[in-house]
There are 2 protein chains.
Amino acid sequence: MVPEPVPFLGQAAYIQLVFFEGLALAVQTAPTLRAKEGLSAAAGVALRKHHALIAELRLQGVEPVDVMAPFAPAAERLESASRGGDWEELLLAIHVTSGMLDGYFSRLSNGLHADLARRVRAILDEAGSATVLERELSVAIAEQPGLADRLALWGRSLVGDTLLIARSALRASDARGLEERVEPIFTELIADHTRRMDALGLTA
Amino acid sequence: MVPEPVPFLGQAAYIQLVFFEGLALAVQTAPTLRAKEGLSAAAGVALRKHHALIAELRLQGVEPVDVMAPFAPAAERLESASRGGDWEELLLAIHVTSGMLDGYFSRLSNGLHADLARRVRAILDEAGSATVLERELSVAIAEQPGLADRLALWGRSLVGDTLLIARSALRASDARGLEERVEPIFTELIADHTRRMDALGLTA
């Protein structure tokens, strides 16, 4: 698959902004200062990824805001799909969607030309929110009876939405020869998702 | 004035976290993608200041969260004092409170020992949200009749709260010989505030 660099970068940048906004909301509503502090570092990583992708867009000679604008509806769909009903659902939503979509964009970036592919992978693969989200979710699951069942359901409901967003992202990025070659990637994304849920003791 | 380094750093770090949360809220509720993008960079600067101050606390051999915890009530007071009724009031609140408090902590840091003072000043003096806040506020003031008058009133109401927070910060930082020497600093902070309001065409 060969995504067009400009829409690819614009969409990847916008998605990091959505993750940042989710993490910022998690900071604002964190029940403890320790959680706030850990999540603020994760928010910083998402923001750094966003700005690094924006810098790549500038290197392509385009105005980032103009390139991102058409993806606003998709970004809003991702945002509203992943807020959840409370703080723990918000955390799992960010964990699930950013885990899947970072993995997805990182894999898609292999189709870019070599230099850009290397830089984009380096940006997207920076370890970010996973550790702190896993830690805070594990604490919450241990403390609140019934939360594990609720989160397992919630996690499952997020997968469909996230795959839809991934599929529309592919189409928007003008990737050539996609439909038949994207299925193996989706299979990998779902396997990664199952591992992430397992790590929390949740049935995927 | 000679502030004790640990409470000084803890409080300065917490205040940057409050500015970050305000800017993140401004990102989330921004009416345009261009505003969102500019504010996200400003949020990144506040977060960088916060984490740089946290790193200074670790250098002092203390656990940052423990040091910050006692300042939670003051931070919440600052936060609730500076949210405002709408997006423009939020922007002005961040502009006024971060302008005054960054200036205040930067001046207080002169009382720390030389190496630490230099590093803390470098952290706090990084140009942050002022430019984007000024730009977005100017656009809004030009577009919305009546907004200037409302924001002028709002700006005035923020000064008293901010000075109260500055005064309690001083006390909490165990600064010695403060009361008689802080008045000239407050005079400077108010002069800076007047210049900031003037730049927006608002009466301070």
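Computed from a predicted structure; not experimentally measured.

Q: Account for the overall build of chain A, with residues named and values stated.
A: Scanning chain A for helices and strands turns up nine helices and zero strands. Sequence-ordered secondary structure for chain A, helices as α and strands as β, is α-α-α-α-α-α-α-α-α. Radius of gyration (C-alpha) of chain A: 16 Å, near the 17 Å computed for a compact globule of 204 residues. By its C-alpha atoms, chain A is 50 × 35 × 30 Å across when sized along the principal axes. Out of the 204 residues belonging to chain A, those deemed buried represent 57%. Partitioning the contacts of chain A with sequence separation of at least 6, the portion at a separation of at least 24 is 80%. For chain A, the exposed area adds up to about 8,200 Å²; of that, 56% sits on carbon and sulfur atoms. With 20 positive and 27 negative side-chain charges, chain A shows a separation of 3 Å between the mean positions of the two kinds.

Q: Pulling in residues and values, what's your account of the relation of the copies chain B and chain A?
A: In this structure, two copies of a chain are linked by a rotation about an axis accompanied by a shift along it. Mapping chain B onto chain A leaves a residual RMSD of 0.0 Å; the transformation is a rotation of 180° accompanied by 0.0 Å of translation along its axis. Both chain copies can therefore be described as sitting about a two-fold axis. Identified as the residue of chain B closest to the rotation axis by C-alpha distance is alanine 24 of chain B, at 3.0 Å. In this assembly, 100% of the residues forming the interface of chain B have copies in chain A that are likewise at the interface, indicating an isologous arrangement.

Q: Now, about the packing of aromatic side chains: what can you tell me, with residues and values included?
A: Taken as a whole, this structure holds seven aromatic pairs over all chains when the rule is applied. Centroid distance phenylalanine 20 of chain A to phenylalanine 20 of chain B: 6.0 Å. Interplanar angle 65°. Geometry classified as edge-to-face. Of this pair, phenylalanine 20 of chain A sits in helix H1 (residues 5–28) while phenylalanine 20 of chain B sits in helix H1 (residues 5–28), placing the two residues on different chains. Summarising the burial analysis for this pair, phenylalanine 20 of chain A and phenylalanine 20 of chain B share the class buried. Ring geometry for phenylalanine 8 of chain B and phenylalanine 105 of chain B: centres 5.5 Å apart, planes at 55°, overall tilted. A residue pair is termed long-range when its members are at least 10 positions apart, and phenylalanine 8 of chain B in helix H1 and phenylalanine 105 of chain B in helix H5 (residues 87–108) qualify at 97 residues. Three or more aromatic residues joined by ring pairs form one cluster here, namely Phe8, Tyr104, Phe105 and Phe186 of chain A.

Q: Explain the UniProt feature "domain: Ferritin-like" (unreviewed entry) in chain A to me, using residue names and the numbers behind them.
A: Listed under "domain: Ferritin-like" (unreviewed entry) in the UniProt record, and renumbered for this structure, are residues 8–167 of chain A. Along residues 8–167 of chain A the backbone is 82% helical and 0% strand, and the end-to-end C-alpha distance reaches 13 Å.

Q: Before we move on, can you summarise the nonpolar core with the specific residues and values?
A: For soluble globular proteins, nonpolar side chains are generally found buried alongside one another. Grouped together as the largest cluster of nonpolar side chains are 146 residues, with contacts concentrated most on Phe20 and Tyr104 of chain A together with Phe20, Leu39 and Tyr104 of chain B. Those residues within four positions of phenylalanine 20 of chain A in sequence are excluded, and the remaining contacts are Ala43, Ala46 and Leu47 of chain A together with Phe20, Ala24, Val27 and Ala43 of chain B.

Q: How would you summarise the packing of H1 of chain A against helix H5 (residues 87–108) of chain A if you had to cite specific residues and measurements?
A: Residues and elements named next belong to chain A. At a minimum axis separation of 10 Å, H1 and H5 run at an interaxial angle of 160°. In terms of orientation, H1 and H5 fall into the roughly antiparallel class. For the crossing formed where H1 meets H5, the hand is left-handed. Packed against H1, whose contacting residues are Phe8, Gln11, Ala12, Ile15, Gln16, Phe19, Gly22, Leu23, Leu25 and Ala26, the element H5 presents Trp87, Leu90, Leu91, Ile94, Thr97, Ser98, Leu101, Asp102, Phe105 and Leu108 at the interface.

What counts, and at which threshold
Residues numbered from 1 in each chain as written. Chains lettered and ligands numbered in written order. Predicted model: local features only at pLDDT ≥ 70, side-chain atom pairs only at ≥ 80, totals over all residues. Heavy atoms only, no water. Helix = DSSP H or I, 4+ residues; strand = E, 2+ residues; numbered from the N terminus. Rg over C-alpha atoms; globule rule 2.2 N^0.38 Å. Buried < 20%, exposed > 50% of the residue type's maximum accessible area, 1.4 Å probe, protein only. Contact = heavy atoms within 4.5 Å. Areas by Shrake-Rupley, 256 points an atom, 1.4 Å probe, with all protein chains shown as cover. Lys, Arg positive; Asp, Glu negative; His and termini not counted. Charge placed at Lys NZ, Arg CZ, Asp CG, Glu CD. Least-squares fit on C-alpha atoms with pLDDT ≥ 70 in both. Phe/Tyr/Trp six-rings, centres within 6.5 Å; stacked < 30°, edge-to-face > 60°. UniProt positions renumbered as here; feature names shortened; annotations may be inferred. Core = buried A, V, L, I, M, F, W, Y, C linked by side-chain atoms within 4.5 Å. Axes fitted to C-alpha atoms, helices over the stretch in contact; angles between N-to-C directions. Parallel < 35°, antiparallel > 145°, perpendicular 65-115°, else oblique. Left-handed = near helix turned anticlockwise from the far one by under 90°.

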